[in-house]
Amino acid sequence: MTPDTAARGAREPSGPRRTVERLRHGLGLIGPRHGRHGLSAEQLDMLALPIGDDGVVAGVDAEGQPAVLGINRPTPYDVVLIGGLWTAQVLALRSAATGARVAVETGRPQAWMQMVHAMGGGQNGLSVYDVGRVPPQGASAGTPVLVVRDCGMRPPRGRVVSGPWQSVLTLLPYLSPVAPRLLRQARLAGIQRVSPDEAAELGRTMGLSRTEVESLPALPDGVTLWCTDRDRQYVLTQPTDAEIGLLGTPRRMD
């Protein structure tokens, strides 16, 4: 012990007086003395949480497990659905339920008005615009946006495109001359029941297997083959009672 250390020790109070001095100087209470809490490596698995994918539940897969589409992303995301209006509207409803704002660009606004009224007249997450009239949406991480383009067989190039936190879903009722271009740009493609000729063309364009091509003309209502660059998954969209009351039962034709 040095002389300086001994001098400080003589000046510093000990025991109860030391506690009083610590409180007086704002140092807080002295906590209880106990061993540290710790887990062994084998016990870490007990802390695992059953967290699944984050996104919009499109339906269930062949094993009956939820099939989730990660629509709200920090990077541009384009989706093409070759199918029916019913499925696009269910996805729009479920996207709005996750907190996204939905902007619908359509040449048939009357087909969307029932949804708009049910969701509060356009003030609660869903707005409808004429073709080419969608304004900038101001998407952000706090307010992601889904733009649904329901513009017929030959949708014009959109003024509002995909970007950070703004995804675009383009609905095509059938395979059209613009479909190959849109499919090349898309990160995700959904295919519902199509004709054998359309199935063969999609097989060549998207590299589908023979089994997948042969299945497309016979897909039941509500079933979609969702495709990415590497994955293929058949998904059955099962509507809730509220969705049936608003949109009716699953159907391919409108």
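Computed from a predicted structure; not experimentally measured.

**Student:** Just to check I follow, could you spell out the overall build of the chain for this structure?
**Tutor:** What the chain contains, in helices and strands, is eight helices and 10 strands. When each of the 254 residues of the chain is scored for burial, the buried share is 37%. Accessible area of the chain: about 14800 Å², with a carbon and sulfur share of 54%.

**Student:** What should I look at first to understand the nonpolar core in this one?
**Tutor:** Across soluble globular proteins, nonpolar side chains have a tendency to be buried as a group. By size, the foremost hydrophobic cluster in this structure holds 32 residues, and its most contacted members are Val102, Met115, Val148 and Trp226. The biggest single contributor to this core is helix H3 (residues 85–97), with eight residues. Ignoring any residue separated from it by four or fewer positions in sequence, one finds Val148 in contact with Ala92, Val102, Ala103, Val104, Glu105, Trp112 and Leu169. One finds Ile82, Leu208, Val213 and Leu225 within the second-largest nonpolar core, a separate group that totals 22 residues.

**Student:** Is there a simple way to think about the pairing of strand S4 (residues 101–106) in this case?
**Tutor:** Sheet faces and side chains relate simply in a regular strand, where the side chains alternate between the two faces. The buried fraction of S4 is high, at five of six residues. Across four bridges, the pairing between S4 and strand S5 (residues 126–129) is parallel. Bridge assignment links Glu105 to a residue of S5, and that residue is Tyr129.

**Student:** What is the right way to look at the confidence of the model for the chain in this model?
**Tutor:** Fine structural detail should not be taken from predicted coordinates in areas where pLDDT scores are low. Per-residue pLDDT for the chain averages 85, and the proportion of residues at 70 or more is 77%. Segment residues 3–10 is flagged for pLDDT under 50; beyond a separation of four residues in sequence, or across chains, it makes one contact in the model.

**Student:** Explain H3 here, please?
**Tutor:** For an α-helix, the turn length of 3.6 residues means that residues three or four places apart are oriented alike. Its 13 residues give H3 an end-to-end C-alpha distance of 18 Å, which sits within 8% of 18 Å, the value for a rise of 1.5 Å per residue. H3 sits mainly inside the fold: 12 of its 13 residues count as buried. Inspection of H3 places Leu85, Trp86, Thr87, Ala88, Gln89, Val90, Leu91, Ala92, Leu93, Arg94, Ser95 and Ala96 among the buried residues, and these make up the whole buried set. Looking at the residues trailing H3, positive phi occurs at Gly99, about 105°.

**Student:** What exactly am I supposed to notice about unusual backbone geometry here?
**Tutor:** Working note: non-glycine residues mostly have negative phi, and peptide bonds are mostly trans. For Trp165, which is not glycine, the phi dihedral falls at a positive 65°. As for its position among the elements, Trp165 is in the loop between strand S6 (145–150) and strand S7 (166–172). Its relative accessible area of 27% is what places Trp165 among the partly exposed residues.

**Student:** Can you walk me through the side chain of Ser162 in this structure?
**Tutor:** Mapped onto the elements, Ser162 comes out in the loop between S6 and S7. You can call Ser162 buried: its relative accessible area is 16%. For Ser162, the side chain forms a polar contact with the side chain of Asp78, separated by 2.9 Å. Those residues in contact with Ser162, other than ones at most four positions away along the chain, are Pro76, Tyr77, Asp78 and Val168.

**Student:** Explain the environment of Tyr234 here, please?
**Tutor:** Note that Tyr234 resides in strand S10 (residues 232–236). When near neighbours in sequence (up to four residues on either side) are disregarded, Tyr234 contacts Val60, Asp61, Ala62, Thr211, Glu212, Ser215, Leu219, Val223, Thr224 and Leu225.

**Student:** Is there a simple way to think about a nonpolar patch on the surface in this case?
**Tutor:** Taken together, the side chains of Met153, Tyr174 and Met253 define a hydrophobic patch exposed on the protein surface, amounting to about 260 Å² of accessible area. Tracing the backbone shows Met253 in the segment after helix H8 (241–247).

**Student:** Mind showing me how you'd approach the environment of Leu172 here?
**Tutor:** Looking at the element boundaries, Leu172 is found in strand S7. Leave out the neighbours within four places in its chain, and Leu172 touches Val80, Leu81, Ile82, Gly83, Gly152, Met153, Pro155, Ala179 and Leu182.

**Student:** Is there a simple way to think about helix H6 (residues 196–206) in this case?
**Tutor:** Among the residues of H6, those classed as buried are Glu198, Ala199, Leu202, Gly203 and Met206. In a view along the axis of H6, the buried residues occupy a sector of 140°, so they form one face of it. The exposed set on the far side of H6, more than 90 degrees from its buried face, consists of Pro196, Asp197 and Arg204. Against strand S3 (77–82), helix H5 (179–185), strand S8 (188–191), helix H7 (210–215), strand S9 (223–227) and S10 lie the buried residues of H6. Positive phi appears at Gly207, one or two residues downstream of H6, with a value of about 70°.

**Student:** Any chance you could explain the environment of Glu243 here in plain terms?
**Tutor:** Assignment of secondary structure puts Glu243 in helix H8. In this structure the C-alpha to C-alpha distance between Glu243 and Leu93, which are 150 residues apart in sequence, comes to 8.5 Å. Setting aside residues up to four positions removed in sequence, Glu243 forms contacts with Val90, Leu93, Arg94, Gln238 and Gly248. Of the polar contacts made by the side chain of Glu243, one reaches the backbone nitrogen of Thr240; its length is 2.9 Å.

Rules behind the numbers
- Residues numbered from 1 in each chain as written.
- Predicted model: local features only at pLDDT ≥ 70, side-chain atom pairs only at ≥ 80, totals over all residues.
- Heavy atoms only, no water.
- Helix = DSSP H or I, 4+ residues; strand = E, 2+ residues; numbered from the N terminus.
- Buried < 20%, exposed > 50% of the residue type's maximum accessible area, 1.4 Å probe, protein only.
- Areas by Shrake-Rupley, 256 points an atom, 1.4 Å probe, with all protein chains shown as cover.
- Core = buried A, V, L, I, M, F, W, Y, C linked by side-chain atoms within 4.5 Å.
- Contact = heavy atoms within 4.5 Å.
- Pairing = 2+ DSSP bridges.
- pLDDT = per-residue confidence, 0-100.
- Expected span 1.5 Å × (residues − 1).
- Polar contact = N/O pair within 3.5 Å; in protein donor to acceptor, adjacent residues only side chain to side chain.
- Patch = residues over 30% accessible without salt bridge, like charges linked within 9 Å, V, L, I, M, F, W, Y side chains within 5 Å.
- Salt bridge = Lys/Arg side-chain N within 4 Å of Asp/Glu carboxyl O.
- Arc of directions from axis to C-beta.

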